[in-house]
Amino acid sequence: QMQLIESGGGLVQAGGPLRLSCTASRGSFSRYAMGWFRQGPGTEREFLAGISWNRMKTTYRDSVKGRFTISKDNANNTVTLQMNGLSPEDTAVYSCAAERHPYGLGSDPRFFTSWGQGTQVTVSL
């Protein structure tokens, strides 16, 4: 099973950017769709963005479209989430995930079954 480790979280002012990274080990990263999720205080985990195994397709939650960008670097086994225009409502623990089966599209949150431990993002006014 793929092991995922996130980095890049922290404290940022509203309106600012932040870039999250997730590095994978123990698996054929290039064959798997990847995604980013978050869970805020007292809320359920929500799907933010997904990218297909071959990087041809990306999917975004409506609330982050135009602000967040997901990318996948198969050479370095890394998936990145570039976040711009952050607001306090974006405060949450952010986690990356891999789909259960290879060659997926990364568009259905139900298919993600391997998770990182998450990284905290806090947006202040």
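### What about the overall build of the protein chain?
Part 1 of the argument: Assigned secondary structure in the protein chain consists of zero helices and eleven strands.
Part 2 of the argument: Listing every helix and strand of the protein chain by position from the N terminus yields β-β-β-β-β-β-β-β-β-β-β.
Part 3 of the argument: Taking 2.2 N^0.38 as the reference for a compact globule, 125 residues should give roughly 14 Å; the C-alpha atoms of the protein chain span a radius of gyration of 13 Å, in line with that estimate.
Part 4 of the argument: The principal-axis extent of the C-alpha atoms belonging to the protein chain is close to 40 × 30 × 25 Å.
Part 5 of the argument: Across the protein chain, the fraction of contacts at a sequence separation of at least 24, relative to all contacts at a separation of at least 6, is 59%.
Part 6 of the argument: Surface exposure of the protein chain reaches about 6500 Å², of which carbon and sulfur atoms provide 48%.
Part 7 of the argument: Here the protein chain holds 13 positive side-chain charges and 9 negative ones, and the gap between their average locations is 7 Å.

### Regarding the pattern of salt bridges
Part 1 of the argument: Evaluation of the coordinates by the stated rule reveals six salt bridges.
Part 2 of the argument: As a salt-bridge pair, Glu-46 and Arg-38 come within 2.6 Å of each other at their nearest N and O atoms.
Part 3 of the argument: For the salt bridge of Asp-108 with Arg-110, the shortest nitrogen-to-oxygen distance reads 2.6 Å.
Part 4 of the argument: For Arg-110, a relative accessible area of 67% corresponds to the exposed category.
Part 5 of the argument: Through salt bridges with shared partners, one network takes in Arg-38, Glu-46, Arg-61, Arg-67 and Asp-90.

Criteria and cut-off values
- Residues numbered from 1 in each chain as written.
- Predicted model: local features only at pLDDT ≥ 70, side-chain atom pairs only at ≥ 80, totals over all residues.
- Heavy atoms only, no water.
- Helix = DSSP H or I, 4+ residues; strand = E, 2+ residues; numbered from the N terminus.
- Rg over C-alpha atoms; globule rule 2.2 N^0.38 Å.
- Contact = heavy atoms within 4.5 Å.
- Areas by Shrake-Rupley, 256 points an atom, 1.4 Å probe, with all protein chains shown as cover.
- Lys, Arg positive; Asp, Glu negative; His and termini not counted.
- Charge placed at Lys NZ, Arg CZ, Asp CG, Glu CD.
- Salt bridge = Lys/Arg side-chain N within 4 Å of Asp/Glu carboxyl O.
- Buried < 20%, exposed > 50% of the residue type's maximum accessible area, 1.4 Å probe, protein only.

Purely geometric numbers; function is a separate question.
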